[in-house]
Amino acid sequence: MRARVLAAAVAAVLLTVALPVPAHAGVAGRAGSARAAVVPCPKLPTPKVTRPPRPAPPAAVPEQQTVGGESLATPGLTVPPGTPAPPPVTATSWLVADLDTGAVLGGCGPHAYATPASVQKLLLAATMLPKLNPKQVVTVTRADLDIEPGSSAVGLLDGGRYSVETAWLGLLLQSGNDAANLLARLGAGSSAAGVREMNAEARRLGAWQTRAVTPSGLDGPGQFTSVYDLALIARVCFADPTFRRYALTERTQIPAQPALRKPGFQIQNENQLIYRYPGALGGKTGFTDLARHTYVGAAQRGGRRLVVTLLGAEARPVRGWEQGARLLDWGFSLPRDASVGRLVEPGEVTTPRASVSPSAPVAAAPGPAGRPAGTPHWLGTAVIGGAAALVGVLAVLFAVGRRRTRRRVRRRVAWD
């Protein structure tokens, strides 16, 4: 009898403390509805390519997905109502925004995780440009030249002496990974410390889906970004007149190194937008086998300055910069007040819940009080509360059982 009573009490407790509907259930419901009604992005047919397996991205965090506005929390297309359809592209995600007002004019998967390739060098620029004197002459070390064989390099020499400005031009014109290592070391003391400062800068800007592992954008485990984050980073870069001058530089001379008996040579800007798009302000190209083609470009027209960011593109049938140019044309065709969200200001977005630590593994960090990362706070509270209530009821039942046992023992003693 006592076992049946105990089982019934336990069942009642479990029903009583069943997981409650969270206060933000309406938001979750809307997100589910949005997923069910995802508008596909216009796509160009792409050729079959051989690429490494795509790394598993971190779990989506709702608070990060809605940075800049709820309309940006979609893996599909988001554009202002009644506006012309954007042009089809091969990019897996893209975004167009106003550099001055911060308005997001439209996008495809604005907060979708993707690997950055060399457009990550913009985060290095946003982090280190304010800290370094462009006229300072520095000496390259062997560690600065520790880059993946065959990857892009400007051709700096071990023991060579170059101005910081030359290193920036090598980074932005020729996408030099050797220049990236050098600049990260100069700004923070080492390449690894430079990456930590890049991640701290991403958090300051509100780029919560960005995690740098290398200063150059060379692929590394757990390295991700999104087109929304890239727009935040690019906005900071294009606000700097020194960056704008570097980004529009068509060619420069890498100086000779007499002590090493090496001649100088000329490099040219790889970003075709500055040669072929009226009003171009510059930007950054990127490519790895894993990331595919990535691109950031900006231009001005009619008193407006727009930026386009795209990730995961193929160069056929349309090259990355051309896809960016088509999206810029589309953005300039929209009314000035058209938007689906906005770029947040630096320092505006503090730590969203369950966000990834800049220096921690992407998928392994526990949440508050040992909660697994990404576990809703209300769920942990419900489980803990339910467990506590169950323990309390069992304690009461146990105490009642003991009192009844003692009474029966006393009665037996009296009867004996």
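Residues numbered from 1 in each chain as written. Predicted model: local features only at pLDDT ≥ 70, side-chain atom pairs only at ≥ 80, totals over all residues. Heavy atoms only, no water.

Visitor: Is there a simple way to explain the overall build of the protein in this structure?
Guide: Helix and strand content of the protein: twelve helices and eleven strands. Of all 416 residues assigned to the protein, the portion counted as buried reaches 47%. For the protein, contacts bridging at least 24 residues in sequence account for 71% of all contacts bridging at least 6. About 19,800 Å² of surface is accessible on the protein, with carbon and sulfur atoms providing 59% of the total. (Helix = DSSP H or I, 4+ residues; strand = E, 2+ residues; numbered from the N terminus. Buried < 20%, exposed > 50% of the residue type's maximum accessible area, 1.4 Å probe, protein only. Contact = heavy atoms within 4.5 Å. Areas by Shrake-Rupley, 256 points an atom, 1.4 Å probe, with all protein chains shown as cover.)

Visitor: Hey, could you run me through the nonpolar core in this one?
Guide: Where a protein is soluble and globular, its nonpolar side chains tend to be buried together. In terms of nonpolar packing, the biggest core is built from 63 residues, with Trp168, Tyr228 and Phe243 touching the most fellow members. The greatest single-element share of this core, amounting to nine residues, is contributed by helix H8 (residues 227-238). Apart from the residues lying within four places of it in its own chain, the contact partners of Phe243 are Leu122, Ala125, Leu129, Leu172, Cys237 and Phe238. Trp94, Tyr277, Trp330 and Ala338 belong to the second largest nonpolar core, which has 26 residues in total. (Core = buried A, V, L, I, M, F, W, Y, C linked by side-chain atoms within 4.5 Å.)

Visitor: Would you explain the pattern of salt bridges in this entry?
Guide: A side chain of one charge can pair with a side chain of the opposite charge if their charged atoms are brought near each other. What the rule picks out here adds up to twelve salt bridges. Of the charged contacts in the structure, one is a salt bridge between Lys135 and Glu165, with a shortest N-O distance of 3.9 Å. Separated by 30 residues along the polypeptide, Lys135 in the loop between helix H4 (121-128) and strand E4 (137-139) and Glu165 in helix H5 (residues 164-174) bring together distant segments of the chain. In the salt-bridge network here, residues are joined through shared partners; they are Lys135, Glu165 and Arg245. (Salt bridge = Lys/Arg side-chain N within 4 Å of Asp/Glu carboxyl O.)

Visitor: What is the right way to read the packing of aromatic side chains from this model?
Guide: To describe a pair of aromatic rings, one takes the distance between the centres and the angle between the planes. A complete count under the given rule lists three aromatic pairs for this structure. A ring pair is formed by Trp94 and Trp330, whose centres lie 5.8 Å apart and whose planes are at 80°; its orientation type is edge-to-face. Of this pair, Trp94 sits in strand E2 (residues 93-98) while Trp330 sits in helix H11 (residues 320-333); the two residues are 236 residues apart in sequence, bridging distant segments of the chain. We classify Trp94 as buried; its relative accessible area is 1%. Judged by its relative accessible area of 5%, Trp330 is buried. (Phe/Tyr/Trp six-rings, centres within 6.5 Å; stacked < 30°, edge-to-face > 60°.)

Visitor: Where do I start with the pairing of E2 in this structure?
Guide: On a regular strand, each side chain points to the face opposite its neighbour's, so the side chains alternate between the two faces of the sheet. The element E2 is largely enclosed, with a buried count of six among its six residues. Neither face of E2 is exposed, since Ser93, Leu95 and Ala97 on one face and Trp94, Val96 and Asp98 on the opposite face are all buried. Pairing analysis gives six bridges linking E2 to strand E10 (residues 304-313), with the strands arranged antiparallel. Across the sheet, residue Ser93 finds its bridge partner in E10, namely Leu311. Hairpin remark: E2 followed by strand E3 (residues 103-108), antiparallel, with four residues in the connecting loop; positive phi at Gly102, about 85°. (Pairing = 2+ DSSP bridges.)

Visitor: Explain the packing of H4 against H5 to me, please; I cannot follow it from the model alone.
Guide: Helix-helix packing is characterised by the crossing angle of the two axes and by the distance between the axes. One can describe the packing of H4 onto H5 by two numbers: an axis separation of 10 Å at closest approach and a directional angle of 155°. One finds that H4 runs roughly antiparallel with respect to H5. Where H4 crosses over H5, the handedness of that crossing is left-handed. The residues of H5 that touch H4, namely those facing Lys121, Leu122, Leu124, Ala125 and Met128, are Trp168, Leu171 and Leu172. Residue composition of the contact of H4 with H5, by class: seven nonpolar, no polar and one charged. (Axes fitted to C-alpha atoms, helices over the stretch in contact; angles between N-to-C directions. Parallel < 35°, antiparallel > 145°, perpendicular 65-115°, else oblique. Left-handed = near helix turned anticlockwise from the far one by under 90°. Nonpolar A, V, L, I, M, F, W, Y, C, P; charged D, E, K, R; others polar.)

Visitor: Hey, could you run me through the state of the cysteines in this one?
Guide: By definition, a disulfide links the sulfur atoms of two cysteines through a covalent bond. According to the stated counting rule, one finds one disulfide in the structure shown. The disulfide partner of Cys41 is Cys108, and the S-S distance across this bridge is 2.1 Å. A torsion of 100° about the S-S bond marks the disulfide between Cys41 and Cys108 as right-handed. With a gap of 67 residues between them, Cys41 in the loop between helix H2 (25-36) and helix H3 (62-65) and Cys108 in strand E3 connect regions that are remote in the sequence. (Disulfide = S-S within 2.5 Å.)

Visitor: Teacher, can you tell me more about unusual backbone geometry here?
Guide: Of all residues except glycine, most have a negative phi; of all peptide bonds, most are trans. The omega torsion across Arg316 and Pro317 is 5°, close enough to zero to call that bond cis. The residue Pro317 is located in the loop between E10 and H11 in this model. Here Ala117, not a glycine, exhibits a phi torsion of approximately 55°, which is positive. Residue Ala117 is classed as buried on the basis of its relative accessible area, which comes to 0%. In this structure, Ser175 is a non-glycine residue whose phi angle is positive, near 55°. Here Ser175 is to be found in the loop between H5 and helix H6 (177-188).

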